[in-house]
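Descriptive analysis of the structure
One letter stands for each residue in the lines below.
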Amino acid sequence: MATETTLLRVLLRQRHMQGYRTFCKEYDRIAKQLDTDLIGRYPSKAQFYRWLSGDLLGLPYADHCRILEKMFPGWTAEQLLSPHEDDTESPITPPQRTAASTQPVPRPVQMPQQARLADVTAVYVSRTEFLHNMPPRALFEGAKTIDIVGLSLNVLCQQYSDKALLDSIETGTVIKALFLDPEGQHTTAREQEEGLPEGHLSMLTRLNIGALRRVGAKVSPNARGELHIRVYDEPIRYNILITDQIRCVVQPYLPDARGVESPTLVIEKDDAVPGLFATFSHVFETMWDRAKETA
């Protein structure tokens, strides 16, 4: 009986690489050929099995796609993660080139997407869906720089452990955390906009700032990284997270909606394509320069 799965799962099984650990070893082998910074950045176990089952909301990040396409020459990431009727054990070969052409099979879907979306690599309808596909561990682990601005910065302060943050700073990560001033007028305005009790967001933000300060107090004198905390009091427009000056996650703040309900854009810096990375990187830097140190 035919079993619906993804082409990736079938190809991995034919190579006897369908196990998670075996796949991760192959991922790192390919990463070593492409970009050593990608070593160890294989998907989580849950994400890997979503790749095999086709339980995806969109394509993975561009780095994952590069690895997959190098691992299986001739196939695009879109083809590898598409449904496949697995009713045969016969070897599957990539689409063939025509005799009249030595060029690879064209990718008619990806090229228009690149032209239309520039450096935007993924779009999610909410922060919840985004974090389902890219949890905090995948966002922060291994990053050498983390720049983040928003309201209470829950993804950094509540959804990533203090120990993991401390370990990151000790090993060289520089963190710039920019909170909406809990004592400022714009926190009050946001509480009113969301219909929250007075002081609700300001209390949450103070708690999160305190949590980061506790981490900072534990940093050893020999730590190679740094933790910086500032606040700003301006109309809140975006939650911006930038890691390693390469990947940027942006969420607008919508009226009458909580932050977790915001659409989420994933942007990856591409010097060959004019896009949004430079725009939001500039927004962060100018806000950081205007902000003040916490008391």
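Our subject is the structure listed above.
Conventions and cut-offs
Residues numbered from 1 in each chain as written. Predicted model: local features only at pLDDT ≥ 70, side-chain atom pairs only at ≥ 80, totals over all residues. Heavy atoms only, no water. Helix = DSSP H or I, 4+ residues; strand = E, 2+ residues; numbered from the N terminus. Buried < 20%, exposed > 50% of the residue type's maximum accessible area, 1.4 Å probe, protein only. Contact = heavy atoms within 4.5 Å. Areas by Shrake-Rupley, 256 points an atom, 1.4 Å probe, with all protein chains shown as cover. Phe/Tyr/Trp six-rings, centres within 6.5 Å; stacked < 30°, edge-to-face > 60°. Salt bridge = Lys/Arg side-chain N within 4 Å of Asp/Glu carboxyl O.

A word on the overall build of the protein
In terms of regular secondary structure, the protein is built from 13 helices and 10 strands. In the protein, buried positions account for 43% of the 295 residues. Across the protein, contacts joining residues at least 24 apart in sequence account for 70% of those joining residues at least 6 apart. When the accessible area of the protein is evaluated, it comes to approximately 15800 Å², of which 53% is carbon and sulfur surface.

Let's talk about the packing of aromatic side chains
Under the criterion given, the structure shown has 11 aromatic pairs. Counting every residue linked through ring pairs, the aromatic cluster contains Tyr20, Phe23, Tyr27, Tyr42, Phe48, Tyr49 and Trp51.

Remarks on helix 3 (residues 45-53)
Turning to helix 3, its buried residues number three or more, namely Gln47, Phe48, Arg50, Trp51 and Leu52. Positioned one or two residues after helix 3, Gly54 has a phi angle of 85°, which is positive.

Focus on the pattern of salt bridges
Using the criterion set out here, one finds 13 salt bridges in the structure. Note that Glu26 and Arg29 form a salt bridge whose closest N and O atoms lie 2.7 Å from each other. Taken together, the residues Glu26 and Arg29, both in helix 2 (residues 20-34) and three residues apart, mark about one turn of the helix. Residue class for Glu26 comes out buried when judged on its relative accessible area of 12%. Note on Arg29: relative accessible area 42%, which makes it partly exposed.

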